[in-house]
Amino acid sequence: QSERAALRQLAQHRQLPWLLVECRADPALMEHRLLARAAAGTDASDAGIEVLRRQRESAEAVPADWVAQHRVLVNQGNLEQLRAAAVALLADWAG
């Protein structure tokens, strides 16, 4: 939480717009993706399912006063679908 708050404060100090984009996916899908990348040897990260589970357990809620700058991006598809959703989200936010 403190890292997000520091970035928010920096943006506000510099009078820059800011947006917190929270990416979500079904936990079973995320675990499947991690296992597939590990099996294929294409994942540069050494973080596996246990790291993912710890991250989920320690995730902090977005503060209530951030609602106007918080968007959720659900990633249940492939990378191209995620990219398209992110582009649409940012276009909508930018107005």
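My aim in this report is to walk through the structure given alongside it, one point at a time.

### Quick notes on the overall build of the chain
At step 1: Secondary structure assignment for the chain yields 4 helices and 2 strands.
At step 2: Put simply, the chain runs from its N terminus to its C terminus through helices and strands in the order α-β-α-α-β-α.
At step 3: Taking 95 residues into account, the globule formula puts the C-alpha radius of gyration at 12 Å, and the chain, at 16 Å, lies well above it.
At step 4: For the chain, the spread of C-alpha atoms along the principal axes amounts to about 45 × 30 × 20 Å.
At step 5: The buried share among the 95 residues of the chain stands at 18%.

### Remarks on a nonpolar patch on the surface
At step 1: On the surface, Val 21, Leu 90 and Trp 93 cluster together into a nonpolar patch covering about 230 Å² of accessible area.
At step 2: Along the chain, Val 21 falls in strand 1 (residues 20-24).

### Notes on the packing of helix 2 (residues 27-40) against helix 3 (residues 49-58)
At step 1: For the pair helix 2 and helix 3, the least separation of the axes is 10 Å and the interaxial angle reads 150°. When the axes of helix 2 and helix 3 are compared, the pair comes out roughly antiparallel. Note that helix 2 runs across helix 3; the crossing there is right-handed. In this structure, helix 2 uses Pro 27, Met 30, Glu 31, Leu 34 and Leu 35 to contact helix 3, whose residues at the interface are Ile 49, Leu 52, Arg 53 and Arg 56.
At step 2: Residue composition of the contact of helix 2 with helix 3, grouped by class: 6 nonpolar, no polar and 3 charged.

### Digging into the pattern of salt bridges
At step 1: Taken as a whole and judged by the stated rule, the model has 6 salt bridges.
At step 2: Residues Glu 22 and Arg 24 are paired through a salt bridge, measuring 2.9 Å at the closest nitrogen-oxygen approach.
At step 3: Several salt bridges share partner residues, and in doing so they unite Glu 31, Glu 50, Arg 53 and Arg 56 into one network.

### A short note on the environment of Ile 49
At step 1: Structurally, the position occupied by Ile 49 is in helix 3.
At step 2: The sequence separation of Ile 49 and His 32 amounts to 17 residues, and the corresponding C-alpha distance is 9.1 Å.

### Details of the packing of aromatic side chains
At step 1: As enumerated under the stated definition, the model contains 1 aromatic pair in all.
At step 2: Centre to centre, the rings of Trp 18 and Trp 66 are 5.2 Å apart; their planes meet at 75°, and the pair counts as edge-to-face. Highlighted residues: Trp 18 in the loop between helix 1 (2-13) and strand 1 and Trp 66 in the loop between helix 3 and strand 2 (70-74), separated in sequence by 48 residues.
At step 3: Accessibility expressed as a relative area gives 15% for Trp 18, which makes it buried.
At step 4: With a relative accessible area of 4%, Trp 66 lands in the buried category.

The rules behind each value
Residues numbered from 1 in each chain as written. Predicted model: local features only at pLDDT ≥ 70, side-chain atom pairs only at ≥ 80, totals over all residues. Heavy atoms only, no water. Helix = DSSP H or I, 4+ residues; strand = E, 2+ residues; numbered from the N terminus. Rg over C-alpha atoms; globule rule 2.2 N^0.38 Å. Buried < 20%, exposed > 50% of the residue type's maximum accessible area, 1.4 Å probe, protein only. Patch = residues over 30% accessible without salt bridge, like charges linked within 9 Å, V, L, I, M, F, W, Y side chains within 5 Å. Areas by Shrake-Rupley, 256 points an atom, 1.4 Å probe, with all protein chains shown as cover. Salt bridge = Lys/Arg side-chain N within 4 Å of Asp/Glu carboxyl O. Axes fitted to C-alpha atoms, helices over the stretch in contact; angles between N-to-C directions. Parallel < 35°, antiparallel > 145°, perpendicular 65-115°, else oblique. Left-handed = near helix turned anticlockwise from the far one by under 90°. Contact = heavy atoms within 4.5 Å. Nonpolar A, V, L, I, M, F, W, Y, C, P; charged D, E, K, R; others polar. Phe/Tyr/Trp six-rings, centres within 6.5 Å; stacked < 30°, edge-to-face > 60°.

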